[in-house]
Every structure is written in structure tokens, then in C-alpha cells.
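# Summary of the model geometry
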Amino acid sequence: MVINYHMAIMSKIKQIMEFRRVTVRGLADMTKLSTRTVMFARGPQITQCRLETLVLIAAALGVRVKDLFDE
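Values in this document were obtained by computation on a predicted structure and should not be read as measured data.

Attention shifts here to the overall build of the chain. Scanning the chain from N- to C-terminus turns up four helices and two strands. The N-to-C order of helical and strand elements in the chain reads β-α-α-α-α-β. Of all intrachain contacts in the chain linking residues separated by at least 6 positions in sequence, the fraction that spans at least 24 positions is 56%. Carbon and sulfur atoms make up 56% of the accessible area of the chain, which amounts to about 5200 Å² in all.

A few words on the packing of helix α2 (residues 24-31) against helix α4 (residues 51-61). Between α2 and α4, the shortest axis-to-axis distance is 9 Å and the interhelical angle comes to 110 degrees. The angle between α2 and α4 places the two elements in the roughly perpendicular class. Along the contact surface, α2 presents Leu27, Met30 and Thr31, while α4 presents Leu56, Ile57, Ala60 and Leu61.

Tracing the backbone shows Thr53 in helix α4. Excluding residues within four positions of it along the chain, Thr53 makes contact with Leu33 and Thr37.

Ile13, Met17, Leu27, Val38, Ile57, Leu61 and Leu68 are the most contacted members of the largest nonpolar core, which has 18 residues in total. Secondary structure elements with two or more residues in this core: α1 (13-20), α2, α3 (35-41) and α4. Looking at which element gives the most residues to this core, the answer is α4, with four residues. When sequence neighbours within four positions are dropped, the list of residues in contact with Leu27 reads Ile13, Met17, Val22, Val38, Ile57, Ala60 and Leu61.

This paragraph deals with the confidence of the model for the chain. Across the chain, pLDDT averages 90, with 87% of residues at or above 70. Mean pLDDT per element in the chain: strand β2 (residues 69-70) is the minimum at 86, and α2 is the maximum at 98.

In this section: the environment of Asp70. Take Asp70: it is sitting in strand β2. According to the relative accessible area criterion, Asp70 is partly exposed, its value standing at 40%.

An α-helical turn contains 3.6 residues, so any two residues separated by three or four positions project in the same direction. Every buried residue of α1 is listed here: Ile13, Ile16 and Met17. Considered in projection along α1, the buried side chains sweep an arc of 100 degrees and stay on one side of the axis. Exposed residues pointing more than 90 degrees away from the buried face of α1 are listed as Glu18 and Phe19. If you follow the buried residues of α1, they end up packed against β1 (10-11), α2, α3 and α4. One or two residues past the end of α1 sits Arg21, with phi positive at roughly 55 degrees.

Quick notes on the rules
Residues numbered from 1 in each chain as written. Predicted model: local features only at pLDDT ≥ 70, side-chain atom pairs only at ≥ 80, totals over all residues. Heavy atoms only, no water. Helix = DSSP H or I, 4+ residues; strand = E, 2+ residues; numbered from the N terminus. Contact = heavy atoms within 4.5 Å. Areas by Shrake-Rupley, 256 points an atom, 1.4 Å probe, with all protein chains shown as cover. Axes fitted to C-alpha atoms, helices over the stretch in contact; angles between N-to-C directions. Parallel < 35°, antiparallel > 145°, perpendicular 65-115°, else oblique. Core = buried A, V, L, I, M, F, W, Y, C linked by side-chain atoms within 4.5 Å. Buried < 20%, exposed > 50% of the residue type's maximum accessible area, 1.4 Å probe, protein only. pLDDT = per-residue confidence, 0-100. Arc of directions from axis to C-beta.

In C-alpha cells:
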């Protein structure tokens, strides 16, 4: 019997941005991050983002860092 413990961690940033009506450019301006970094964090590469990047994004969106992820 094989048990797969690998869980896909997905970003919820795009959904949160849509709910709050925040654009990529708007979030980049609020966080002083590049639009490329914001786009990177919106996808499966969120797991490769630095903690301080996620803290900035979460603060700008008014959520906790853990709310940025969907397991």
C-alpha cells in the first residue's frame, strides 16, 4: 500500500484579490513589490515566495498569511 503524503498547496491570492477588487498593479503599488512578484505569488509558485513577501501581500489584502494558501 502506497500513501501519498504530498499535498498540493495552492495560492488563494487571486481569489482574494478578485473579492477585494484589487488589480495586480494595485497590489504591487500597495506592497512596493513588482507586478512580476505579485503574479508569481498568485500561482503555484507561492511556496517559493519569501515570508516577508507573503506578509506584505497579506497585510495589503487585510488577511492573515495562512489565508493566502489553500491546501
